[in-house]
Amino acid sequence: MNFLKITLLFAITLTFTNCDNFFEYSVYEASVKTEQKNTTAKNLKLLEKIKLESQDFKFAFITDSHYFYDNFRKVIEDINKNDEILFVIVGGDMTEQAVIKEYELFYNIMKNLDKPYLTVIGNHDHKSNGANIYKKMFGDYNYSFEFNNNKFVLFDDTVWERKGEPDFNWLSNELSNHSDYKQVFTIAHIPPYGDQFTRDLEQEYIGIMEANNVTLSIHGHRHKFIYDKSPSVSYLTGPTLKDAAYCIVEVKSDSFEVILIEL
Amino acid sequence: MKKIFIIIFTILFFVNSFAQEDILIKDITKAREVENQSHWYVPDYVKIQFAGNIGLISVGIGYDFFDSIWLSELLYGFVPASVSEAKQIHLITSKNTFPILTRAIGKNLTISPIVGFTATLETGNNSFLKIPDVFPGGYYITNAIHFTLFTGASFHKEFTNSTIFKGADLYFEVGTIDTYLWYAITAKEIGVNDIFSSSVGINLYI
């Protein structure tokens with residue numbers, strides 16, 4: 001009889017929990033669920049399926065979601081409502097402590113987005129085993145793609161957490177065929193005028209942008225909207241999702257517009 | 001820590017293998033009990049736990065304070081690289097369990113609802129007690145210490161005839177990390193299912 005009671009209580013305990021992850025061994029685990037792996041490659045495939053008749057399109061830029069989950073979700077719903085936005089770029093700091101749980105929470109909220117999305121890693125995402133998790137869940141830290149005769153280069157430019165300078169050789173090389181495209185957009189979490197860049201690194205980054213005729217260099221990290229439009233290279237820093245705000249970039253045949261959306 | 005645990009178990013197994021109704025050994029056991037009472041640092045129980053954010057497996061020693069009002073434990077937890085899919089994870093944990101009440105449900109068998117918390121230290125997975133000097137002051141807080149909060153049920157059985165263990169607890173818990181709980185409280189988007197996980201363990205009283 002006692003055995004029966006114990007078994008029953010055990011069963012109730014197990015049923016009650018019904019957790020997302022039934023057992024967790026440590027916050028530092030880096031075991032990414034199979035269905036959550038290679039997200040970048042999956043989204044690039046989705047992007048390839050989009051066929052456009054005109055040169056004009058819009059994409060959204062969201063960044064620095066950290067743990068501001070409610071406003072993050074609010075922004076995702078707003079983007080879903082806008083059919084003109086074809087895809088979303090995430091500017092990094094999608095976690096606070098870069099533990100697997102936070103990556104999963106980010107992934108789960110992004111599942112609500114009904115458009116493809118692409119990410120760059122932020123400085124917070126490098127903490128603990130975050131870089132390891134990012135690699136499995138998303139893919140390469142540095143990569144590029146083409147969309148409608150435009151080139152998008154996504155680049156990991158964190159300095160302190162990676163314990164090394166950004167791979168500017170890769171960046172220069174990736175941008176070297178810029179003349180094959182109508183416009184070129186780079187996305188990296190830390191802006192050249194950000195805290196982690198020394199004066200030398202800042203000059204090097206700006207030099208690469210100018211040498212390769214980059215149209216717009218897009219960043220996060222600063223948690224505020226800063227837009228510097230210039231005839232040569234323009235710089236944009238997106239607002240944090242804490243403020244339920246994001247940017248829409250409207251790409252035209254040989255120009256672009258940045259629109260700030262505050263919910 | 002690990003060595004202490006191994007020594008305790010070696011003694012226990014040694015005692016077990018020679019015990020079988022041997023009066024001499026019973027005397028030794030009695031002597032050990034007297035010894036236990038005389039040294040404050042001799043633990044009241046040894047334990048093993050599965051999961052709970054303090055290791056795949058964690059083992060250690062426990063002390064029963066104020067007649068099972070507060071159970072305080074020191075644990076070493078481990079997650080092998082094959083499970084963590086990163087480096088090996090070594091965790092040192094202080095675990096504190098508070099049985100809320102105790103009810104008899106059978107002969108020498110009681111059940112207690114429990115609540116408690118742990119504090120866990122880990123410094124091998126890009127985690128730092130002191131943030132590296134490259135970061136300006138206040139840039140990050142330490143990522144080497146985490147707290148868990150848990151609740152569950154514990155069954156206690158008294159062994160009246162055993163010369164090895166006086167009794168045992170079998171417990172089941174659901175718990176979470178402090179920051180995850182904060183997310184669930186502050187964000188509607190994060191539910192209880194997102195943050196809680198289970199653990200199970202045994203305490204063996206010596």
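One structure accompanies this document, and this report is about it. Everything numeric in this text was worked out from a predicted model, so none of it was measured.

Let's shift gears to the sheet that holds strand E3 (residues 117–119) of chain A. Neighbouring strands of a sheet are bound in pairs by backbone hydrogen bonds; such pairs are parallel or else antiparallel. Residues and elements named next belong to chain A. What the five strands build is an open sheet, ordered E3-E2-E1-E10-E11; its pairing is mixed. The strands lining the two open edges of the sheet, one partner per strand, are E3 and strand E11 (256–262). In this sheet, adjacent strand axes meet at a mean angle of 25 degrees when their direction is disregarded. Two elements, strand E1 (residues 57–62) and strand E2 (residues 85–90), share five bridges in a ladder whose sense is parallel. What sits directly across from Phe 59, in E2, is Phe 87. Along the sheet, helix H3 (residues 69–81) makes contact with E1, E2, strand E10 (245–251) and E11, crossing E1 at roughly 175 degrees. Each of E1, E2 and E3 is contacted by helix H4 (residues 100–110), which is oriented at about 155 degrees to E3, the strand it contacts most.

Before going further, it helps to spend a moment on helix H4 (residues 178–186) of chain B. Three or more residues of H4(B) are buried, namely B:Tyr180, B:Tyr183 and B:Ala184. Angularly, the buried residues of H4(B) cover 95 degrees about the axis, an arc narrow enough to put them on a single face. Of the surrounding elements, those touching the buried residues of H4(B) are H3 and H4 of chain A together with strand E8 (167–177) and helix H5 (192–195) of chain B.

Moving on, we get to the packing of helix H6 (residues 168–175) of chain A against helix H7 (residues 199–211) of chain A. Residues and elements named next belong to chain A. For the pair H6 and H7, interaxial distance at closest approach is 10 Å and the crossing angle is 15 degrees. Here H6 is positioned roughly parallel relative to H7, judged by the angle of their axes. Taken as a pair, H6 and H7 cross one another with a handedness that is right-handed. Along the contact surface, H6 presents Phe 168, Leu 171, Ser 172 and Leu 175, while H7 presents Leu 201, Glu 204, Tyr 205, Ile 208 and Met 209. Of the residues in the contact of H6 with H7, the class split is seven nonpolar, one polar and one charged.

Listed per partner, the contact involves 49 residues of chain A and 51 residues of chain B. Taking both sides of the interface into account, the surface hidden between chain A and chain B amounts to around 4200 Å²; carbon and sulfur atoms contribute 59%. Inspection of the region where chain A meets chain B yields two salt bridges. The closest approach of N and O atoms between A:Arg73 and B:Glu189, which form a salt bridge, is 2.7 Å. For the interface between chain A and chain B, the tally reads 25 residue pairs in polar contact (both at pLDDT 80 or more). Every element with two or more residues in the side of chain A that touches chain B is listed here: helix H1 (2–17), H3, H4 and helix H5 (130–137) of chain A. Classifying every residue of the side of chain A that touches chain B by side-chain character gives 18 nonpolar, 17 polar and 14 charged.

Here is what the cut-offs are and how they apply
- Residues numbered from 1 in each chain as written.
- Chains lettered and ligands numbered in written order.
- Predicted model: local features only at pLDDT ≥ 70, side-chain atom pairs only at ≥ 80, totals over all residues.
- Heavy atoms only, no water.
- Pairing = 2+ DSSP bridges.
- Helix = DSSP H or I, 4+ residues; strand = E, 2+ residues; numbered from the N terminus.
- Axes fitted to C-alpha atoms, helices over the stretch in contact; angles between N-to-C directions.
- Contact = heavy atoms within 4.5 Å.
- Buried < 20%, exposed > 50% of the residue type's maximum accessible area, 1.4 Å probe, protein only.
- Arc of directions from axis to C-beta.
- Parallel < 35°, antiparallel > 145°, perpendicular 65-115°, else oblique.
- Left-handed = near helix turned anticlockwise from the far one by under 90°.
- Nonpolar A, V, L, I, M, F, W, Y, C, P; charged D, E, K, R; others polar.
- Buried area = accessible area lost by both parts, 1.4 Å probe.
- Salt bridge = Lys/Arg side-chain N within 4 Å of Asp/Glu carboxyl O.
- Polar contact = N/O pair within 3.5 Å; in protein donor to acceptor, adjacent residues only side chain to side chain.

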